[in-house]
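One-letter residues, chain by chain:
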Amino acid sequence: MKAQKIVICGEVFSNNVGDAVIAETFSYLIKNSIPSVKVDFLDLSLRENLDKYILVEQEIPSIDTSKTSLKFFIWKLIVKIFSHRGATTLWWFFKWKPQRYRLYKHKLEGASVLIIGGGQLLADNNFDFPLKIYDVSQCAKKLGLPFYFYGCGVSYHWSRLATFLFSQALSNATSITVRDIESLNRLSKRIPGILTKLSASHDIATCCAEAYGIHRKENSQYIGLGVAEPDVLKRHSKELVQDFFTETKLLQFWIDIAHELINRKLQFKFFTNGSPNDQLFAETIVDSLVESRDRSDILLPRPTNGKALVKTISNFRGIVAFRLHACIVAYSLGIPVIGIKWDDKLESFFKESKQENYCFEASSITPAKLVDGIVDTISKGVDSDTLSSMKTTTIQAVKEQLALAIKRS
């Protein structure tokens, strides 16, 4: 078979480096299946590396009542008539789309397959992903390039406009594989016409330990506490629990857990998945706990790439975390994990890995019960049969999808 070029499209260079873990693990699985294949990355937000953008786009105007120019008067009128989402769509098509299309086209030239995959990409996050995914899929369609969705999560709510744009992209895809049954059920209800090409598999990052060649540290004494900033938790959680995700309540949540661990003489360190805002909040927590000691005693440096995140988590005996891919990385390494639920995707993963008893509601779990949970799961360890089965299924699913993609390219 001649060498072919496969492009993986996602939030590859996000500063939440869990996204990099997904992309790099996916690349590893593809190359492991077809050694001669060339894998390129296309960052959906047009970054060429961490936080460096290929294209710096003109921002959408804000509705500032102090501005009186004709340009801002017209923009306010557009927003009033079309709503903010409608106005954003107009801005996209007239301001951003022409530039983005040229860059997407440049990245896709010479490719035989495009795979849009990994992470919670099928989400209506302030209308950002729907527009980007629609745009890149339209570019692939115009180039005659077959494209696939693989390993994506589906959020619980889409607006009408987001549903329309996602429907256009997904209807033109050759096949669609989502990362859990909940995502599959949501898509099948929202877009019934794609049922014949829709399936579910496990999250790609389940195989990240093999991708990076990293093993858990034996005899570690530290429990990892994985922090996420309040704003992101509140923004993506359901309305019923949003009131809990304030800085004050989350700060107290972590302080109480830290004190419980200290009282039981259990050593711990805070860590993040790399987001600067997560790290700033972790620093706030640590500053509330220690006065004379250095932060580095209980706060690890911010990981700036996927390998650094996997290496960080490999040094723990168990973890407690909000971020899904902190939990999945730990699980891949065979490290026991407690998940703090704020989004359905976390609950879905714990069901798949048969760990439902270790996924807790942040608003109702007490520090004592949470620490009881981490002690219990550390003593029991990760079920190796379930983990091995999930890894084998993931590898096989990627191979099958890849064979289909190459055959049709």
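As a reminder, the structure under discussion sits directly above these lines.
Residues numbered from 1 in each chain as written. Predicted model: local features only at pLDDT ≥ 70, side-chain atom pairs only at ≥ 80, totals over all residues. Heavy atoms only, no water.

Caption draft 1: Fine view of the overall build of the protein. Along the backbone of the protein there are 14 helices and 13 strands. Taking contacts inside the protein between residues at least 6 apart in sequence as the whole, the part at least 24 apart equals 74%. Surface accessibility of the protein: about 18400 Å² in total, with carbon and sulfur atoms responsible for 51%. (Helix = DSSP H or I, 4+ residues; strand = E, 2+ residues; numbered from the N terminus. Contact = heavy atoms within 4.5 Å. Areas by Shrake-Rupley, 256 points an atom, 1.4 Å probe, with all protein chains shown as cover.)

Caption draft 2: Highlighting helix H10 (residues 306-314). All of the buried residues in H10 are Gly306, Leu309, Val310, Thr312, Ile313 and Ser314. Contact partners of the buried residues in H10: helix H1 (18-33), helix H6 (208-212), strand E10 (267-271), strand E11 (318-321) and helix H11 (324-332). Near the N-terminus of H10, the side chain that reaches the backbone nitrogen of Lys307, with its oxygen 3.2 Å away, is that of Asn305. (Buried < 20%, exposed > 50% of the residue type's maximum accessible area, 1.4 Å probe, protein only. Polar contact = N/O pair within 3.5 Å; in protein donor to acceptor, adjacent residues only side chain to side chain.)

Caption draft 3: Here's a closer look at the packing of aromatic side chains. A complete count under the given rule lists 14 aromatic pairs for this structure. Ring geometry for Trp158 against Phe166: centres 4.6 Å apart, planes inclined by 40°, an arrangement best described as tilted. A centroid spacing of 5.3 Å and a plane angle of 35° characterise the contact between Phe271 and Phe316, whose relative ring orientation is tilted. Note that Phe271 is positioned in strand E10 and Phe316 in the loop between H10 and E11, a separation of 45 residues in sequence. Positioned above the aromatic ring of Tyr101 is the side chain of Lys142, whose terminal nitrogen or guanidinium carbon lies 5.3 Å from the ring centre. Sitting over the face of the ring of Tyr222, Lys269 holds its NZ or CZ atom 4.9 Å from the ring centroid. (Phe/Tyr/Trp six-rings, centres within 6.5 Å; stacked < 30°, edge-to-face > 60°. Lys NZ or Arg CZ within 6 Å of the ring centre and 35° of its normal.)

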